[in-house]
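The lines below spell out each chain.
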Protein chains: 2
Amino acid sequence: MSISEFQEMMHHLYFHRDSKRGVTCTYNWLVDEVKELGEALKTDDKKALEDEFADVFAWLASLANVVDVDLEKAATTKYNNKCPKCQNTPCECPFPK
Amino acid sequence: MSISEFQEMMHHLYFHRDSKRGVTCTYNWLVDEVKELGEALKTDDKKALEDEFADVFAWLASLANVVDVDLEKAATTKYNNKCPKCQNTPCECPFPK
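Before going into details, it helps to say that this report is about the structure given with it. (Residues numbered from 1 in each chain as written. Chains lettered and ligands numbered in written order. Predicted model: local features only at pLDDT ≥ 70, side-chain atom pairs only at ≥ 80, totals over all residues. Heavy atoms only, no water.)

## Focus: the overall build of chain A
Here comes step 1: What chain A contains, in helices and strands, is four helices and zero strands.
Here comes step 2: Listing every helix and strand of chain A by position from the N terminus yields α-α-α-α.
Here comes step 3: For a compact globule of 97 residues, the expected C-alpha radius of gyration is about 13 Å, and chain A comes in at 16 Å, more than 25% above that figure.
Here comes step 4: Taken along the three principal axes of its C-alpha coordinates, chain A extends 45 × 35 × 25 Å.
Here comes step 5: In chain A, which comprises 97 residues, the share counted as buried stands at 47%.
Here comes step 6: Intrachain contacts of chain A at a sequence separation of at least 6 include 59% that bridge at least 24 residues.
Here comes step 7: For chain A, the accessible surface area stands at approximately 4,700 Å², while carbon and sulfur atoms represent 51% of it.
Here comes step 8: Mean positive and mean negative side-chain charge positions of chain A (12 and 17 charges, respectively) differ by 6 Å. (Helix = DSSP H or I, 4+ residues; strand = E, 2+ residues; numbered from the N terminus. Rg over C-alpha atoms; globule rule 2.2 N^0.38 Å. Buried < 20%, exposed > 50% of the residue type's maximum accessible area, 1.4 Å probe, protein only. Contact = heavy atoms within 4.5 Å. Areas by Shrake-Rupley, 256 points an atom, 1.4 Å probe, with all protein chains shown as cover. Lys, Arg positive; Asp, Glu negative; His and termini not counted. Charge placed at Lys NZ, Arg CZ, Asp CG, Glu CD.)

Right, here's the structure in full:
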């Protein structure tokens with residue numbers, strides 16, 4: 001599935017709620033989902049971990065819908081088969097980053 | 001671009017660094033990027049906002065690479081054209097959530 005198709009699915013499923021909830025509250029939900037992902041990373045439950053990755057991505061797409069950002073366009077514009085900082089493939093920026 | 005293709009691009013560009021940095025530090029970078037997204041949401045700079053969405057998605061894909069999670073499979077398994085909670089299209093869960 002393309003990044004745009006996933007964002008569009010989120011729009012179809014949730015935009016009536018996301019738009020009502022608004023930017024700040026939707027962002028706060030994303031933050032909470034990132035925290036839940038952090039907890040799942042400490043366990044050995046692969047299914048729970050996959051669910052939390054799905055949730056973070058879903059809320060990121062929902063937030064993008066609320067502020068009218070095309071996530072696929074944004075991601076592929078900045079990350080276009082080379083590191084946006086050093087312009088190399090693979091990245092050769094000084095480590096650590 | 002598919003979700004998997006984006007994750008694979010992140011693998012090609014950054015896995016040599018992500019794997020060395022490890023799970024905790026890569027997660028901490030994701031958290032920092034989410035904070036930067038929160039700051040960008042307070043501005044009127046659309047380009048900066050798009051860049052921050054790109055960065056959060058990129059670090060989410062990097063983290064998924066480090067823990068060997070297929071982000072597209074995880075996202076489309078949980079979100080399969082219906083709300084995973086109420087099973088409706090669009091979602092009819094009690095609001096707010």
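What follows picks up the thread again.
## Quick look at the environment of Y79(B)
Here comes step 1: Among the structural elements, Y79(B) can be located in the segment after α4 (71-78).
Here comes step 2: Beyond its immediate sequence surroundings of up to four residues, Y79(B) is in contact with F6(A), M9(A), M10(A), Y14(A), A54(A), D55(A), A58(A) and P84(B).

## Comments concerning the interface of chain A and chain B
Here comes step 1: In this complex, chain A contributes 61 residues to the contact, which on the side of chain B involves 62 residues.
Here comes step 2: Taken together, both faces of the contact between chain A and chain B bury some 5,300 Å²; the carbon and sulfur share is 71%.
Here comes step 3: Its salt-bridge partner being D55(A), residue K78(B) comes within 3.0 Å of it at the nearest N-O pair.
Here comes step 4: Across the chain A-chain B interface, the total number found is 19 residue pairs in polar contact (both at pLDDT 80 or more).
Here comes step 5: Going through the elements one at a time, α1 (3-21), α2 (23-40), α3 (46-66) and α4 (71-78) of chain A are the ones with two or more residues in the side of chain A that touches chain B.
Here comes step 6: The dominant element in the side of chain A that touches chain B, judged by the number of residues it contributes, is α3(A), at 14 residues. (Buried area = accessible area lost by both parts, 1.4 Å probe. Salt bridge = Lys/Arg side-chain N within 4 Å of Asp/Glu carboxyl O. Polar contact = N/O pair within 3.5 Å; in protein donor to acceptor, adjacent residues only side chain to side chain.)

## Brief notes about the side chain of T26(A)
Residue and element names in this part refer to chain A.
Here comes step 1: Here T26 lies in helix α2.
Here comes step 2: Residue classification places T26 among the buried positions, given a relative accessible area of 0%.
Here comes step 3: Each residue touching T26, except ones within four places of it in the same chain, is listed here: D18, R21, W59, S62, L63 and V66.

## Digging into unusual backbone geometry
Residues and elements named next belong to chain A.
Here comes step 1: Along the chain, T89 connects to P90 via a cis peptide bond; the corresponding omega equals -10 degrees.
Here comes step 2: Note on placement: P90 falls in the segment after α4.
Here comes step 3: Not every positive phi belongs to a glycine, and N81 is a case in point at roughly 65 degrees.
Here comes step 4: Under the relative-accessibility criterion, N81 is labelled partly exposed at 47%.

## As for the nonpolar core
Here comes step 1: If you look at the biggest cluster of nonpolar residues, it comprises 64 residues, and the most contacted ones within it are F6(A), L30(A), F53(A), F6(B), L30(B) and F53(B).
Here comes step 2: Among the elements of the structure, α1, α2, α3 and α4 of chain A together with α1 (3-21), α2 (23-40), α3 (46-66) and α4 of chain B are those that each provide at least two residues to this core.
Here comes step 3: With sequence-adjacent residues up to four places away left out, L30(B) is seen in contact with V34(A), L37(A), V56(B), W59(B), L60(B) and L63(B). (Core = buried A, V, L, I, M, F, W, Y, C linked by side-chain atoms within 4.5 Å.)

## Focus on the relation of the copies chain A and chain B
Here comes step 1: When chain A is fitted to chain B, the best match, at an RMSD of 0.0 Å, comes from turning it 180 degrees and sliding it 0.0 Å along the axis. Put plainly, the chains are arranged around a two-fold axis. Using C-alpha coordinates, one finds that chain A approaches the rotation axis most closely at S2(A), a distance of 1.8 Å. (Least-squares fit on C-alpha atoms with pLDDT ≥ 70 in both.)

## Here's the deal with the packing of α4(A) against α3(B)
Here comes step 1: The geometry of α4(A) relative to α3(B) is characterised by a closest axis approach of 8 Å and an angle of 80 degrees between their N-to-C directions. Put simply, α4(A) runs roughly perpendicular to α3(B). Across the interface between the two elements, L71(A), A74(A), A75(A) and K78(A) from α4(A) touch E50(B), D51(B), F53(B), A54(B), D55(B) and F57(B) from α3(B).
Here comes step 2: Considered class by class, the residues forming the contact of α4(A) with α3(B) number six nonpolar, no polar and four charged. (Axes fitted to C-alpha atoms, helices over the stretch in contact; angles between N-to-C directions. Parallel < 35°, antiparallel > 145°, perpendicular 65-115°, else oblique. Nonpolar A, V, L, I, M, F, W, Y, C, P; charged D, E, K, R; others polar.)

## Here's the deal with the packing of α2(A) against α3(A)
Residue and element names in this part refer to chain A.
Here comes step 1: Running from N to C, α2 and α3 point in directions that differ by 165 degrees, and their axes come no closer than 9 Å. As summarised for this structure, α2 and α3 are arranged roughly antiparallel, according to the angle between their axes. With respect to the hand of their crossing, α2 and α3 are arranged in left-handed fashion. Along the contact surface, α2 presents V23, T26, Y27, W29, L30, E33, V34, E36, L37 and A40, while α3 presents A48, L49, E52, F53, D55, V56, W59, L60, S62, L63 and V66. (Left-handed = near helix turned anticlockwise from the far one by under 90°.)

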